Each structure stands twice: as C-alpha cells, then as structure tokens.
Amino acid sequence: MIRVKKLLLFMTLLSASLFAVILILATMFAGTETANAFDFIKGINYSPHMPGENCSEFGKANYSQDFEWMKHANINTIRTYDWIPEEILANAAEHEIKVIEGIWIHTDGNFSDETFKNECKNHIAEVINRDKDKPCIIGWCIGNELNENAVEKVGKEETEKFLEELYNYAKSLDSNPNHFVTHANWPPLDYLDLSFFDVISFNVYSYWPPKVVSRGYYDYLCDLKRKYPDKPVLITEFGYSTSPNGSGNCGYGRNSEGEQADCIKQRWYDIVRAGCLGGIVFEWNDEWWKNNCTGDDKNSHDLNDPEEWFGVIAVNGTDPDNYTLRKKQAYCAIKEMFGEEYPTKSDLTSPVIDDFEDANVSDWFVFTTPDASISLSSSNNSKVGNYSMRIDYNTG
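Cut-offs used in this document
- Residue indices begin from 1 for each chain and proceed along its sequence in written order.
- Residues qualify for local features only when their pLDDT is at least 70, as the model is predicted, and side-chain atom pairs are given and counted only at 80 or more; totals for whole chains, interfaces and linings, by contrast, use all residues.
- Hydrogens and water molecules were not included; the side-chain quantities draw on all heavy atoms of the structure.
- A run of H or I in DSSP becomes a helix once it reaches four residues, and a run of E becomes a strand once it reaches two; helices and strands are each numbered from the N terminus.
- The rule is simple: take the accessible area with a 1.4 Å probe, protein chains only, and divide by the maximum for that residue type; under 20% is buried, over 50% is exposed, in between is partly exposed.
- The accessible surface values rely on the Shrake-Rupley method and a 1.4 Å probe; as for residues, cover is taken only from the protein chains in view.
- Joining through side-chain atoms within 4.5 Å is the link that ties buried Ala, Val, Leu, Ile, Met, Phe, Trp, Tyr and Cys residues into a set, and such a set is a nonpolar core.
- The criterion used for residue contact is that any of the two residues' heavy atoms lie within 4.5 Å.
- For this analysis, a polar contact is any N or O atom pair within 3.5 Å, provided that within protein one partner can donate a hydrogen and the other can accept it, and provided that sequence-adjacent residues contribute only side-chain to side-chain pairs.
- Cysteine sulfur pairs qualify as disulfides if the two atoms are within 2.5 Å.
- Put simply, a salt bridge is a Lys or Arg side-chain nitrogen that is within 4 Å of an Asp or Glu carboxyl oxygen.

A. Examining the overall build of the protein chain more closely. From N to C terminus, the protein chain includes 10 helices and 13 strands. Relative to its full complement of 396 residues, the protein chain shows a buried share of 53%. Accessible surface computed for the protein chain: about 17400 Å², of which carbon and sulfur atoms make up 50%.

B. Inspection of the nonpolar core at higher detail. L221 and W284 are the most contacted members of the largest nonpolar core, which totals 81 residues. If we skip the residues at most four places from it in the chain, W284 touches I44, N45, Y46, D66, W69, M70, I75, G311, V312, I313 and Y331. Listed in part, the 11 residues of the second largest apolar core include F38, I100, I138 and L277.

C. Looking closely at the side chain of N144. Of note, N144 is situated in strand 4 (residues 137-144). Only 2.9 Å separates the side chain of N144 from the side chain of N203, close enough to count as a polar contact. Setting aside residues no more than four positions away along its own chain, N144 makes contact with R79, Y81, W104, T107, H183, A184, N203 and E237.

D. Highlighting the state of the cysteines. The final tally for this structure, using the stated rule, is two disulfides. Disulfide pairing places C55 opposite C293 at an S-S distance of 1.8 Å. Between C55 and C293 the sulfur-sulfur dihedral comes to about -90 degrees; the bridge is accordingly left-handed. On the criterion of sequence distance, the pair formed by C55 in the loop between strand 1 (41-45) and helix 2 (63-72) and C293 in the loop between strand 8 (278-281) and strand 9 (313-319) is long-range, its members being 238 residues apart. Across the disulfide from C250 sits C263; the S-S distance is 1.8 Å. Between C250 and C263, the disulfide has an S-S torsion of -80 degrees and is therefore left-handed. Placement of C250 in the loop between strand 7 (233-238) and helix 9 (257-273) and of C263 in helix 9 is noted, with a sequence separation of 13 residues between them. Residue C250 shares its accessibility class with C263, and that shared class is buried. Here the protein chain pairs its bonded cysteines, counted in sequence order, in the arrangement 1-4, 2-3.

E. Just the pattern of salt bridges, in detail. Counted under the stated rule, the structure contains 25 salt bridges. Its salt-bridge partner being K156, residue E160 comes within 2.7 Å of it at the nearest N-O pair. Separated by four residues within a single helix, E160 and K156 lie in helix 6 (residues 156-173), roughly one turn from each other. K156 gets classed as partly exposed once you look at its relative accessible area, which sits at 37%. Several salt bridges converge on common partners, so that one network encompasses E86, E101, R130, D131 and K134.

Okay, here's the thing in structure tokens:
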C-alpha cells in the first residue's frame with residue numbers, strides 16, 4: 001500500500017513537472033522575465049570614508065587597492081549610498097566591478113510636498129546625467145530605509161506615489177535597458193507596495209526587527225519572493241558588527257571576527273536558497289564617523305557603537321593620522337562563498353520548492369519531496385541549447 005501511494009505521488013509529480021517544463025521553457029525563450037535581465041549579484045556596500053572623514057568626505061582611501069582586494073574576493077558589484085567621486089567609478093570599470101550607485105534622499109522628508117519632490121528630482125538628475133554612460137553602472141538605488149514616522153505622517157498611498165514618481169523620473173533620464181532603478185526598503189516598511197521598481201531591494205538583518213527574528217531569515221526572504229513573484233528580489237544589506245560591545249551570537253555587535261565570517265556565510269546561503277537576485281554585504285570597511293556625520297565622531301573608533309565595526313576590512317588606530325587596514329576573517333569567507341558557482345541570469349527564477357502543494361506554478365524550477373525530486377537544467381546556461389530534466393525517486 002505504501003509503494004502504491006508513493007507511485008501515485010511520483011506520477012502526480014511527474015505530470016505536474018511536465019507542465020512546469022513547458023511554462024519554464026516558454027518564459028526563458030520569450031525573454032520577458034525581469035528576473036532574467038540582470039546578472040547574479042555578489043556585492044559589497046562601499047563607503048570608503050577613512051578616519052577623519054565624515055559621511056560625505058572622500059580622498060584618503062586607496063581606491064586602487066580596494067578594488068584589487070575586491071576582485072580577489074570574487075566581488076562583482078558595489079553599492080553606494082550617494083554619488084561618488086568619478087575616480088572610484090573609473091577604478092570599478094578598470095577592475096570590471098559593477099556599480100549600483102545610490103541617490104540619497106532625506107529619509108524624513110515630506111513625501112507629499114512638491115518642493116521636496118523637486119529637490120529629490122534635481123539630485124536624481126545630476127547623478128544620472130553625470131554617470132549614466134559610465135561602463136560600470138548597472139543600476140540606481142533611490143533612497144535608503146525611509147523613516148517610519150515620515151511614512152506614517154503622509155500615509156502608505158502618498159509614500160508609494162512619491163517613490164513611483166521618482167522612479168518614473170529616473171527612467172525618463174536613463175533609457176538604458178541594462179540599468180535598473182530600485183529603492184532600498186527595510187522590514188518596518190515591508191507593507192509598502194513597491195512593485196513598480198525594476199528590482200525589489202531590501203536591507204534585511206537576522207537579529208532585527210522582531211518580525212524577522214520570529215519568522216526566520218530564510219522564511220522572511222521567501223515571503224518577499226512570494227509578495228513580488230514577477231520581480232527579482234535583491235538583499236541590499238546584510239552583515240554583522242565586530243564591535244567590542246553588543247549582544248554577540250550573530251546579533252548586533254560583539255561578534256568575534258570568526259563569528260562575523262560564519263554568520264555572513266549563513267545568511268548568504270539563505271539568500272541563495274531563497275532564489276534572490278543576490279546579496280550585498282554590509283560593508284567593505286569600518287567607518288569611524290557613524291551616527292554623527294558632522295561632529296568629531298569621525299576622529300575616533302567608538303567601542304560602544306556597533307555601527308562603526310561592520311566592515312570586512314578592519315580600520316584600526318588611535319587617531320585620523322595613525323591607522324592601518326587589515327582583512328578580517330569575513331573577507332576570506334566572502335572570497336570563498338562568492339567564488340562558488342551561482343545561477344546565471346537565464347536561470348534566476350525561484351527557490352527550491354519544499355512544499356509541492358503550495359508551489360506557485362509560474363515559479364517552478366526544482367521540485368522536492370521526501371521521496372522524489374525533479375530538476376530542469378540547461379546544458380550551456382543560455383536560452384538556447386539542450387535542456388534536460390532529472391528525476392530522483394526513492395523507492396525504499
């Protein structure tokens with residue numbers, strides 16, 4: 001009787017998979033899926049502000065060395081928070097590292113105010129018009145983690161209209177189909193509908209807020225994928241601080257350098273398993289200025305501020321004129337995990353389906369049950385060529 005049930009399950013799975021194969025092949029050959037338009041992103045957030053420099057000052061970092069180290073660590077993309085010196089873009093192009101350039105907007109602005117909207121558009125225009133023809137550019141990230149109170153003040157609908165207006169304006173300035181426009185949202189505002197963006201981007205940390213902790217990191221990412229089935233999901237921030245003080249244990253601060261490396265790898269594999277477009281580690285180097293851009297905080301490394309210790313490159317020293325750079329263990333972890341083979345843009349579709357009955361047919365790529373699994377693969381990682389379907393079935 002058990003064997004009969006297993007056989008029936010197998011036949012059901014097989015017939016469903018054949019239908020799924022047809023759907024997948026139609027999608028891949030049509031070439032209309034947004035998720036297939038961009039390469040898999042193995043990224044790092046890059047804010048090269050050295051000791052003595054605040055959040056808008058540049059010049060002390062050794063950009064050439066940074067990009068050589070990035071290339072060696074198999075990093076293929078950097079993300080910034082606002083426009084950056086053209087020297088940095090030139091180094092990125094020289095080392096064949098792509099750039100998602102940030103366009104900063106004040107997170108606590110009045111999103112319904114026309115004057116504020118025009119200020120945002122003016123900055124969008126100066127960034128895009130300067131850099132849209134740079135060969136390293138692959139996308140624009142308009143804004144980062146809007147203030148919850150500012151959103152509540154004007155309301156969900158008005159905030160969505162504001163971001164969509166900025167999106168449309170950016171697209172009017174840059175018609176390059178290989179450049180995407182996105183916004184870095186975060187879990188407190190995950191109720192916003194941002195499906196108009198080319199890529200759905202989220203900053204997601206495993207230890208906050210409680211909804212992510214209780215749901216679990218992987219499951220929360222899968223929830224995002226389900227909410228936006230027709231758009232690629234990119235994790236624009238994830239990482240851990242090695243500050244001397246904090247909670248530790250993959251929490252906010254006080255992680256050893258070994259723990260930082262291990263925790264980053266755990267989250268990365270969650271991101272890959274969830275079928276995201278990729279992920280961007282926060283961040284490249286420790287920054288001393290954090291939480292006080294215009295004050296004297298930039299001149300010392302605060303032991304009690306976890307924000308200053310997220311880098312995979314340690315910036316150790318006693319003052320702005322006496323510091324050294326050192327690769328943390330997380331640098332080696334990134335080199336290892338980014339060096340593995342990951343999906344190409346022709347098969348960036350969906351996570352492994354753990355629950356057959358709940359599977360969304362439009363997203364099927366791999367099926368698994370305790371007794372059987374079916375996978376579709378291409379012989380040459382492209383939209384043309386031979387395709388094969390493998391069926392593994394346990395008859396024990």
